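# Commentary on secondary and tertiary structure
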Amino acid sequence: MAQMDRKTYWREVRKRTAWLLVIWFIVGYVLSIFLVEPLNTLKIVGVPMGFWMAQQGSIMIFILLILAYAIMMGKLDRAAGVEEDAGTTAPPSQAH
């Protein structure tokens, strides 16, 4: 696969990061704070949805966002030809 140039790579990084931040904002602020009262009319296993989103749901979504970021960046790094090799370490410093 052809390697992409640096400008295209960073444009993709910013675009993907921006989308994940939008999801984070919606879950973290909109659903967990601003819309908590309307969501409380819904119940999940007897617990109000607004409370559940603020206490458990947002944490689960944040973990999924971290996983999605790692997977997406791994694929992008491979497409750009800048992925790290598994099991390798950085060369020792040459400083004297």
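Up top is the structure these notes are about.
A brief structural summary. (Residues numbered from 1 in each chain as written. Predicted model: local features only at pLDDT ≥ 70, side-chain atom pairs only at ≥ 80, totals over all residues. Heavy atoms only, no water.)

## Quick notes on the side chain of S32
How we decide: The way it works is that DSSP assigns letters per residue, a run of H or I at least four long becomes a helix, a run of E at least two long becomes a strand, and they are numbered from the N terminus. For every residue, the accessible area (1.4 Å probe, protein chains only) is compared with the maximum for its type, and the residue is labelled buried under 20%, exposed over 50%, or partly exposed between those bounds. Under this definition, polar contacts are N or O atom pairs within 3.5 Å; protein pairs additionally need one hydrogen-donor-capable and one acceptor-capable atom, and for neighbouring residues in sequence, both atoms have to be side-chain atoms. Contacts are residue-level and defined by heavy atoms, with any inter-residue pair within 4.5 Å sufficient.
Looking at where S32 falls in the secondary structure, it is placed in helix 1 (residues 6–34). Judged by its relative accessible area of 11%, S32 falls in the buried class. In this structure the side chain of S32 is engaged in a polar contact, spanning 2.8 Å, whose partner is the backbone oxygen of V27. Among the polar contacts made by the side chain of S32, one reaches the main-chain carbonyl oxygen of M53 at a distance of 3.4 Å. Every residue in contact with S32, bar those within four places of it in the chain, is listed here: V27, M53, A54 and S58.

## Comments concerning the environment of G50
Positionally, G50 belongs in helix 3 (residues 49–80). The class for G50 is buried, based on a relative accessible area of 0%. Beyond its immediate stretch of four places on either side in the chain, G50 contacts V36, L39 and N40.

## So, the pattern of salt bridges
Defined as follows: Within this document, salt bridges are pairs made up of a side-chain nitrogen of Lys or Arg and a carboxyl oxygen of Asp or Glu, the two lying within 4 Å of each other.
The tally for this structure, following the rule as stated, stands at 2 salt bridges. Taking the shortest distance from any N to any O, the salt bridge between E12 and K15 comes out at 3.2 Å. Linking E12 with K15, this pair stays in helix 1, spanning 3 residues, or about one helical turn. Under the relative-accessibility criterion, E12 is labelled buried at 18%. You can call K15 partly exposed: its relative accessible area is 43%. Where salt bridges share partners, they join E12, K15 and R16 into one cluster.

## Section: the packing of aromatic side chains
What characterises a pair of aromatic rings is the spacing of the ring centres plus the angle enclosed by the ring planes. Going by this rule: To pair, rings of Phe, Tyr and Trp, with the six-membered ring standing in for Trp, must have centres within 6.5 Å; the planes then decide the type, stacked if under 30 degrees apart, edge-to-face if over 60, and tilted in the middle.
Scanning the entire structure with this criterion turns up 3 aromatic pairs. Between Y9 and W10, the ring centres sit 5.2 Å apart and the planes meet at 80 degrees, which makes this aromatic pair edge-to-face. Residue classification places W10 among the partly exposed positions, given a relative accessible area of 41%. In this structure an aromatic cluster arises from ring pairing among W24, F25 and Y29.

## Remarks on the packing of helix 1 against helix 3
Heads up, the rule is: Axis lines are fitted through C-alpha atoms, for helices just across the contact stretch, and the angle between N-to-C directions can take any value from 0 to 180 degrees. Here the angle decides the label: under 35 degrees means roughly parallel, over 145 means roughly antiparallel, 65 to 115 means roughly perpendicular, and every other value means oblique. Note on residue categories: nonpolar means Ala, Val, Leu, Ile, Met, Phe, Trp, Tyr, Cys or Pro, charged means Asp, Glu, Lys or Arg, and polar means any other residue, Gly included.
With their axes 10 Å apart at the nearest point, helix 1 and helix 3 run at an angle of 175 degrees to one another. Comparing their axes, helix 3 and helix 1 come out roughly antiparallel. Classifying every residue of the contact of helix 1 with helix 3 gives 18 nonpolar, 4 polar and 3 charged.

## Some remarks on unusual backbone geometry
The backbone of V45 sits at a positive phi, close to 50 degrees, despite the residue not being glycine. Within the secondary structure, V45 is located in the loop between strand 1 (43–44) and strand 2 (47–48).

Any link to function would need more than the numbers given here.
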